[in-house]
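Structural features, examined
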Amino acid sequence: MGNIKLAIKIDIDTLRGYLEGLPKLLDILNENKIKASIFFSLGPDNSGKALRRIFRKGFISKMLRTKAPTAYGIKTLFYGTLLPAPMIVKSNPDLIRRSISEGHDCGIHSWDHVYWQDNLPKLTREIIRNELQKAMELYEKIAGERAKSCAAPGWQVTCDSLRVQDEFNFDYCSDVRGYAPFMPEFDGVTFRTPQVPSTLPTMDEVLGTIPAEKLNDYYIKLLHDGLNVHTIHTEMEGGMMSETFREFLAKCRDNNVEFMTLREALKSSKLINSRIEMGNLDGRAGKLAVQI
């Protein structure tokens, strides 16, 4: 294999993923001396409200393919409905501090993941700004430093969300599925915050269509020369698929893959100009932001 670079992007969506999956992933990354980019949902875990997506095409099949009750836990599937929505990061602030102290590139994922993912097109710029501001304030209070990057839940963007991210002066965002770091245009508006897109399918998009024992070979074959960005989830790769992820990193080492963070990838990339459109991807219910 040639000059393959791989950035691991970790999204934290739920309380269980934060308390159980993140420490396991940090241990695995430490074992392999790899730094990742980690994005935190800081506010309430309203995962139970996500079940309203049941009417979206492909949602039920995805839940069955990925064995969601096992991956996320039964309690998680009722948070915010039959069970109160617990606060994610306040449950153990030291996990953010640990992530930073171990040298990972850390940023904001959301305040309320489900609220953003399911309602963003209906939200005003003021509401979007308030959602990010709450996450930014808690992050800074815990970390002792301002968050400098952001990754939108569910790869959901609007013109207003991109404008607000520009207001926050993030060094970069990772809101999009695509192929190379770029300066974004959306709905005819050009924005000034660079995007570092996820380039590989996520495990929950392919698990069930590809047998678990063949997943790593599948991903190794997808890696190409240049930058690859792989988004993983603490609930999946930090949970029931953690050994599969550990083996994936070993296979990458065997193939001389160079690991880097999204921040490092941005610094070493020549930015292009690209449009963002809302489109469909195999294995994912609903539309998401795609680099064109």
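Look up: the structure comes first, before these words.
Remember, predicted model here, so these are calculated numbers, not experimental data.

Within helix α4 (residues 94-101) the residues assigned to the buried category are L95, I96 and S99. Along the axis of α4, the buried residues cluster in a sector spanning 105°; they form a single face. Of the surrounding elements, those touching the buried residues of α4 are α1 (15-31), β2 (37-41), β3 (105-110) and α6 (125-143). Of the residues flanking the end of α4, it is G103, one or two places downstream, whose phi is positive at about 90°.

On to the side chain of D45. Mapping D45 onto the fold places it in the loop between β2 and α2 (59-65). Within the structure, D45 has its side chain in polar contact with the side chain of S47 (distance 2.4 Å).

Within the secondary structure layout, V206 lies in helix α8 (residues 203-206). Expressed as a C-alpha distance, the spacing of V206 and R284, which sit 78 residues apart in the sequence, is 9.4 Å.

The next subject is a nonpolar patch on the surface. A cluster of nonpolar side chains, contributed by I74, F78, L82 and L83, occupies part of the molecular surface with about 380 Å² of accessible area. Summarising the element assignment, L82 is placed in the loop between α3 (68-72) and α4. On the accessibility criterion, L82 (67% relative accessible area) is exposed.

What follows deals with the packing of aromatic side chains. Any aromatic ring pair is given by two values, namely how distant the centres are and how the planes are angled relative to each other. Evaluated as defined, the whole model comprises six aromatic pairs. Centre to centre, the rings of Y219 and F248 are 6.0 Å apart; their planes meet at 65°, and the pair counts as edge-to-face. Of this pair, Y219 sits in helix α9 (residues 215-222) while F248 sits in helix α11 (residues 242-254), and the two are 29 residues apart along the sequence. The same class applies to Y219 and to F248, which are both buried. Taken together, Y218, Y219, F245 and F248 form an aromatic cluster joined through their ring pairs. Seen from the ring of W155, R177 lies directly overhead, with NZ or CZ sitting 4.6 Å from the centre.

We now examine the pattern of salt bridges. Evaluation of the coordinates by the stated rule reveals 18 salt bridges. We note a salt bridge from K9 to D11, for which the minimum N-O separation is 3.0 Å. Accessibility assignment for this pair places K9 and D11 in one class, buried. One salt bridge in this structure joins R98 and D27, with 2.7 Å as the shortest N-O distance. Of this pair, R98 sits in helix α4 while D27 is found in helix α1, placing the two residues 71 residues apart along the sequence. With a relative accessible area of 22%, R98 lands in the partly exposed category. You can call D27 partly exposed: its relative accessible area is 39%. Within this structure, R177, D204, E205 and R284 form a network of salt bridges that share partners.

About the thresholds
Residues numbered from 1 in each chain as written. Predicted model: local features only at pLDDT ≥ 70, side-chain atom pairs only at ≥ 80, totals over all residues. Heavy atoms only, no water. Buried < 20%, exposed > 50% of the residue type's maximum accessible area, 1.4 Å probe, protein only. Helix = DSSP H or I, 4+ residues; strand = E, 2+ residues; numbered from the N terminus. Arc of directions from axis to C-beta. Contact = heavy atoms within 4.5 Å. Polar contact = N/O pair within 3.5 Å; in protein donor to acceptor, adjacent residues only side chain to side chain. Patch = residues over 30% accessible without salt bridge, like charges linked within 9 Å, V, L, I, M, F, W, Y side chains within 5 Å. Areas by Shrake-Rupley, 256 points an atom, 1.4 Å probe, with all protein chains shown as cover. Salt bridge = Lys/Arg side-chain N within 4 Å of Asp/Glu carboxyl O. Phe/Tyr/Trp six-rings, centres within 6.5 Å; stacked < 30°, edge-to-face > 60°. Lys NZ or Arg CZ within 6 Å of the ring centre and 35° of its normal.

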